[in-house]
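Examination of the molecular architecture
If you want the building blocks of each chain, they are given just below.
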Amino acid sequence: MDIHVLITGAGPTGLTLALDLHRRGVPFRIVDASPAPFAGSRGKGLQPRSMEVLHDLGVIEPVLASGRLDLRMRAYQGREVVREWDVHEGRHPTVERPYARTMLIPQFRVEQVLREAFPQPVEYGKPLTSFTQDDSGVTAVVGGETVRAKYLVGCDGGKSFVRKQLGVPFVGETHEDQRMLIGDLRISGLDRDHWHQWGGGADRWLALCPLPGTDLFQFQASGDGDPSLELYREIIRDRTGRDDLVVHDATWTSLYRTNIRMVDRFRVGRVFLAGDAAHVHSPAGAQGMNTGIQDAYNLGWKLAMETLLDTYEAERKPVAEWLLGMTTAIMMSGQPFERRGDETLQLSLSYRTTDGEGLQPGDRMPDGITDQGRIFDLLRGPDFVTLDFPGGPVLVRPDGYVAAIGRSAVDAYFGANPVTQLHHRRVAARTAA
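Quick summary incoming for the structure in this document. (Residues numbered from 1 in each chain as written. Predicted model: local features only at pLDDT ≥ 70, side-chain atom pairs only at ≥ 80, totals over all residues. Heavy atoms only, no water.)

So, on to the overall build of the protein chain. Across its full length, the protein chain carries 10 helices and 24 strands. The C-alpha atoms of the protein chain give 22 Å as radius of gyration, which agrees with the globular expectation for 433 residues (22 Å, within 12%). Taking the principal axes of its C-alpha atoms as reference, the protein chain extends roughly 70 × 55 × 35 Å. Every one of the 433 residues in the protein chain was classed for burial, and the buried ones make up 53%. (Helix = DSSP H or I, 4+ residues; strand = E, 2+ residues; numbered from the N terminus. Rg over C-alpha atoms; globule rule 2.2 N^0.38 Å. Buried < 20%, exposed > 50% of the residue type's maximum accessible area, 1.4 Å probe, protein only.)

Following this line, the structure appears as structure tokens:
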């Protein structure tokens, strides 16, 4: 066997999985058909739960240094400002929720941070062109080279080659009447302290959002046609009524069509699907990049330990179903930039299998302060962790979700999944501060 895991697709999903496997010392390769990293902003909203994931992976500091949490919305009629608001008004960090708001950060910067966190280079310009699997592994052809791996993970986007080769249906619909022109532009004459919007009807909507850490604005506008710098200049002049906004150039342009689709299976034998390869949806609510990151975070430790692999689909498929419904509802509301509900933060997502009051197995373990330090810092790393609280132990999975509560339940969990005990440590945090 050449490697343990072959990852195809080097977006946020594949890179998160690669970083998680790297810190576990698991042999992997990550390949991408593109000749170089993608240069466009694409997704630009990082949710609090994803920030917690990046905290655990040890890369939250450069992410926080690159993004912005306090950008207000500003609506115009021509030059006149008609409204300003904060979609996360009243949300502040707490001990249990240290990250309380969506962070604005271009996707290419998130990818850069993840790439720089592990020494093994992404193999660009190496498309996966075929694969077969048997009882012991997967044989794949990558860039003309035959590779043998125990597992293959398709993180290769909405047009996933892996998904198509598996014959897994991508069920849903394409809204051909809902199109949006997008791009990254250099613009002068506009401040970078607001997310600027113009409207007057769905067919005249325009938004210009400054991308933190860059001199770019992300351009979003209702419309159709071949994306071009001249078309974008014309739309800005027409919809703002301003001739003092100078569009210098564009580093990326695209036409987006709303697709709402998901797979009926996340796993076929030794091959897994994650991120956009498994689910695509409206961009409303800033969920896509985040859900892919959390797919990878759920799957990484299971691949490394080769245990509980069936629970990947059982846990992540309901999340994808919820995601499609929630983002579609935001899109159809006609007010995608109003105050966001707590569900968009992804902090309340749970893998519970039973109901109950208070903290339950399957819930996200909240942060907190103990006499041994901050809970998230105690959990950081690739292991299962037993936190010995005054009221009894809580066993936390490597992805930050509760596995079991109470001594008998912890013992039962290890008894049912013995390999997990080999990747386990205990913290005697006997008193909460």
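More follows now that the structure is in view.
With that settled, the discussion passes to helix α1 (residues 12-23). Residues that lie three or four places apart on an α-helix share one face, since the helix turns once every 3.6 residues. Across its 12 residues, α1 extends 17 Å between first and last C-alpha, which sits within 8% of the 16 Å expected from 1.5 Å per residue. Most of α1 sits inside the fold, with 10 of its 12 residues counted as buried. Looking one or two places after α1, you find glycine 25, whose phi comes out positive at around 70 degrees. (Expected span 1.5 Å × (residues − 1).)

Between α1 and helix α4 (residues 107-116), whose axes approach to 9 Å, the crossing angle comes to 20 degrees. One element, α1, and the other, α4, form an angle in the roughly parallel class. Our pair here, α1 against α4, has a crossing hand that is left-handed. Counting all contacts with α1, which are made through Pro12, Leu15, Thr16 and Leu19, the residues of α4 involved are Gln107, Glu111, Leu114 and Arg115. Considered class by class, the residues forming the contact of α1 with α4 number four nonpolar, two polar and two charged. (Axes fitted to C-alpha atoms, helices over the stretch in contact; angles between N-to-C directions. Parallel < 35°, antiparallel > 145°, perpendicular 65-115°, else oblique. Left-handed = near helix turned anticlockwise from the far one by under 90°. Contact = heavy atoms within 4.5 Å. Nonpolar A, V, L, I, M, F, W, Y, C, P; charged D, E, K, R; others polar.)

Here the focus is the side chain of glutamate 52. Here glutamate 52 shows up in helix α2 (residues 48-56). Exposure remark for glutamate 52: the relative accessible area of 3% places this residue in the buried category. Within the structure, the side chain of glutamate 52 is placed 2.8 Å from the side chain of arginine 364, a separation counted as a polar contact. The contact partners of glutamate 52, leaving out residues within four places of it in the chain, are Pro98, Tyr99, Leu347, Arg364 and Phe376. (Polar contact = N/O pair within 3.5 Å; in protein donor to acceptor, adjacent residues only side chain to side chain.)

With respect to topology, four strands assemble into an open sheet ordered β23-β22-β21-β24, the strand pairing being mixed. The outermost strands of the open sheet, each flanked by one partner alone, are β23 (402-405) and β24 (424-427). Going from strand to strand, the sheet's axes swing by 20 degrees on average, the running direction of each strand aside. As defined by bridge partners, strand β22 (residues 392-396) adjoins β23 across three bridges and the pair is classed as antiparallel. Considered in β23, the bridge of valine 394 is made with isoleucine 405. (Pairing = 2+ DSSP bridges.)

On to unusual backbone geometry. Despite not being glycine, arginine 42 shows a phi value in the positive range, around 45 degrees. Inspection of the secondary structure puts arginine 42 in the loop between β2 (28-32) and β3 (45-46). A residue is classified by how much of its surface remains accessible, and arginine 42, at 46% relative accessible area, is partly exposed. With a phi close to 50 degrees, glutamate 306 is a non-glycine residue in the positive phi region. Tracing the backbone through its elements, the reader meets glutamate 306 in the loop between α7 (288-305) and α8 (310-332).

Below, the discussion takes up the side chain of serine 50. Following the sequence through the fold, serine 50 ends up in helix α2. Ignoring sequence-local partners within four residues, the contact set of serine 50 consists of Asn290, Ile293 and Gln294.

In this section: the environment of histidine 196. By the element assignment, histidine 196 lies in strand β12 (residues 194-198). The exposure class assigned to histidine 196 is buried, which follows from its relative accessible area of 0%. With 10 residues separating them in the primary sequence, histidine 196 and leucine 206 have C-alpha atoms 8.2 Å apart. Not counting residues within four places of it along the chain, the set of residues in contact with histidine 196 comprises Arg74, Tyr76, Leu190, Asp191, Leu206, Ala207, Leu208 and Phe217. Within the local environment of histidine 196, its side chain forms a polar contact with the backbone oxygen of aspartate 191, the two atoms lying 2.7 Å apart. From its side chain, histidine 196 meets the backbone oxygen of histidine 194 in a polar contact 3.3 Å long.

Right, let's talk about the environment of arginine 23 for a bit. With respect to the element layout, arginine 23 can be found in helix α1. A residue is classified by how much of its surface remains accessible, and arginine 23, at 22% relative accessible area, is partly exposed. For the pair formed by arginine 23 and phenylalanine 118, sequence separation is 95 residues and the distance between their alpha carbons is 8.3 Å. Apart from the residues lying within four places of it in its own chain, the contact partners of arginine 23 are Asp56, Leu57, Tyr297, Gly381, Pro382 and Pro398. A distance of 2.8 Å separates a polar atom in the side chain of arginine 23 from a polar atom in the side chain of aspartate 20.

Moving on, we come to the packing of aromatic side chains. Summed over all chains, the structure comprises 12 aromatic pairs. On the numbers, 5.8 Å between centres and 70 degrees between planes, the contact of phenylalanine 266 with tyrosine 312 is edge-to-face. Remark: tyrosine 312 occurs in helix α8 and phenylalanine 266 occurs in the loop between β15 (246-263) and β16 (267-268); sequence separation between them is 46 residues. The residues phenylalanine 266 and tyrosine 312 share a single accessibility class, namely buried. Measuring from ring centre to ring centre gives 4.5 Å for tyrosine 351 and tyrosine 401, while their planes differ by 40 degrees; the resulting arrangement is tilted. One end of the pair, tyrosine 351, is in the loop between α8 and β19 (369-370); the other, tyrosine 401, is in the loop between β22 and β23, and 50 residues separate them in sequence. A single burial state applies to tyrosine 351 and to tyrosine 401, both of which are buried. Among the aromatic residues, those joined into a cluster by ring pairs are Tyr151, Phe266, Phe272 and Tyr312. Positioned above the aromatic ring of phenylalanine 38 is the side chain of arginine 42, whose terminal nitrogen or guanidinium carbon lies 3.5 Å from the ring centre. (Phe/Tyr/Trp six-rings, centres within 6.5 Å; stacked < 30°, edge-to-face > 60°. Lys NZ or Arg CZ within 6 Å of the ring centre and 35° of its normal.)

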